[in-house]
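# Fold and contact review
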Amino acid sequence: MVTYEYGNPHAVITLVQTVDEHDIAGMDDEVAEIQRLSGKEFRLLAVKVESWNLDLSPWPATAVFGKDDFGDGAGELLTEILKLCQDESKIYYLGGYSLAALFSLWAAY
């Protein structure tokens, strides 16, 4: 699992976001906009997902759009993400959009 770190590494708030290759190019702008809108210090961990449908889905299913079926890798990905969230003096927020948002809801549940 490749993780990119942005923002203040000493901040109490850590945002964790699953990303793919095209998201990484815009991360600096995203971090700047979150900083501008929130006015809070934070660290953002961008966790690169290799196979969006396979890694973010907790259950296998046939493709809905396109040709890529869904896998059952969400549990393994969540285990790896939780290893990044061990510092009990920090507050962690897992988020995303589209399937990553559904993964975040599933992880919280």
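Note that this is a predicted model, so its numbers are computed, not measured. In every chain, residue numbers begin from 1 and rise along the written sequence. Per-residue local features of the predicted model are confined to residues with pLDDT of at least 70, and side-chain atom pairs are confined, for both listing and counting, to 80 or more; whole-chain, interface and lining totals are unaffected and use all residues. To get the side-chain values, take all heavy atoms of the structure and skip hydrogens and water.

### Brief notes about unusual backbone geometry
Rules: Secondary structure elements follow DSSP: runs of H or I no shorter than four residues count as helices, runs of E no shorter than two count as strands, and numbering proceeds from the N terminus. Whether a residue is buried, partly exposed or exposed follows from its accessible area with a 1.4 Å probe, protein chains only, as a fraction of its type maximum: under 20%, in between, or over 50%, in that order.
Phi at Ser-98 takes a positive value of approximately 60 degrees, unusual for a residue other than glycine. Turning to its location among the elements, Ser-98 is positioned in the loop between strand 4 (91–95) and helix 5 (99–108). Judged by relative accessible area, which is 52%, Ser-98 ranks as exposed.

### Focus on the pattern of salt bridges
As a reminder, the rule being used: Whenever a carboxyl oxygen of Asp or Glu lies within 4 Å of a side-chain nitrogen of Lys or Arg, that contact is scored as a salt bridge.
The tally for this structure, following the rule as stated, stands at 5 salt bridges. Taking the shortest distance from any N to any O, the salt bridge between Glu-21 and Lys-48 comes out at 2.8 Å. Of this pair, Glu-21 sits in helix 1 (residues 21–24) while Lys-48 sits in strand 3 (residues 42–48); the two residues are 27 residues apart in sequence, bridging distant segments of the chain. Judged by relative accessible area, Glu-21 falls into the exposed class, the value being 52%. Between Arg-36 and Glu-33 there is a salt bridge, with its nearest N and O atoms 2.7 Å apart. Of this pair, Arg-36 and Glu-33 both sit in helix 2 (residues 27–38), 3 residues apart, which is roughly one turn of the helix. Among the residues examined, Arg-36 registers a relative accessible area of 57% and is labelled exposed. One network of salt bridges, in which partners are shared, links Glu-21, Lys-48 and Glu-50.

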